[in-house]
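Fold and geometry: a report
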Amino acid sequence: GLASAMLGLIWLMSFGLSQAMQDNARRILGGDVAVTVVNEPLDAATSAALGRVGQTSEVVELRSTARAGSGTGARRTTVELKAVDSAYPLFGAVGLSGGGDLQAALALEDGIPGAVVEPGLLVQLDLAIGDTIRIGDAVFQIRDYLEREPDRLSAGTFMVGPRVLIPLDTLTATGLTGIGSLVEYRTRVRFPETMAGDDAMRAVTAAAAGPGLDQPQ
């Protein structure tokens, strides 16, 4: 439950900002509001309550290792893994070098899910588009280069490896979210345009209320 998790809530304080600044802030945050839980997913009841406030998107971020090859020829490197759902991103757009759609790039093909990676990963592991990598216990096919990630700054500036995006529904298969892992579960909410910001924030605060919640003043 939330009592055993660290939970934080960030709200986009838009008062006094120009429309351009508001739009940029939403892209960086990933939503009008973001709820983050560390090391365990947000409980189903809270997720459902947030879904009644507005459109939601869930992403999970953690540091892991990508591996290629086997035996004496195996290669590995640290990566910043981000598992995203089908609603991601709520604001802005992911830029791929081929100009395609993110969800199409991540879709299953011949039983293998896709991954979108920063070019540095291919250099470090001597790979090309179409090759496969293993992350944890799961295999992914590299489908495209990641050129733009609208909410990149929400993860902070200290990233030790290239970014890798995978589908959220494949994360369990990696086996990386067990005990001992440092995992951040982020739920972003996009408020309906017809709902006043203060009303939406009160609804979010009520939905996400619990031990460890940092509420806006």
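Now for a description of the structure that goes with this document. Every chain is numbered on its own, with residues counted from 1 as its sequence reads. Totals for whole chains, interfaces and linings use all residues, but because this is a predicted model, local features are given only for residues with pLDDT of at least 70 and pairs of side-chain atoms are given and counted only at 80 or more. Side-chain metrics rest on all non-hydrogen atoms present in the structure, leaving aside hydrogens and water.

**Section: the overall build of the protein**
The numbering of helices and of strands both runs from the N terminus, where a helix is a DSSP run of H or I of at least 4 residues and a strand a run of E of at least 2. A tally of helices and strands in the protein yields six helices and 10 strands. For every residue, the accessible area obtained with a 1.4 Å probe (protein chains only) is divided by the maximum for its type, and the residue is called buried under 20%, exposed over 50%, and partly exposed between those limits. Taking all 217 residues of the protein together, 45% fall into the buried category. Put simply, of all contacts in the protein between residues at least 6 apart along the chain, 75% involve residues at least 24 apart. Any two residues whose heavy atoms approach within 4.5 Å at even a single point are treated as in contact.

**Remarks on the pairing of strand β9 (residues 163–167)**
Burial runs high along β9: five of the five residues are buried. Burial along β9 is two-sided: Arg163, Leu165 and Pro167 and Val164 and Ile166, pointing in opposite directions, are all buried. Where strand β4 (residues 75–84) and β9 come together, five bridges link them in parallel fashion. Note on β9: the bridge partner recorded for Leu81 is Val164. One ladder, built from two bridges, connects strand β6 (residues 114–117) with β9; its direction is antiparallel. For Val117, the partnering residue across the bridge sits in β9 and is Val164. The rule for pairing is simple: two strands pair if DSSP sees at least two bridges between them.

**Let's talk about the pairing of strand β3 (residues 55–68)**
By the bridge criterion, seven bridges tie β3 to strand β10 (residues 184–190) in an arrangement that is antiparallel. Within β10, the position partnered with Thr56 by the bridge is Val189. Hairpin connection between β3 and β4: a loop of six residues separates the two successive antiparallel strands, and Gly69 in this loop has a positive phi of roughly 75°. Relative to strand β7 (residues 132–135), β3 runs antiparallel, the two sharing two bridges. The residue of β7 that forms the bridge with Ala66 is Ile135.

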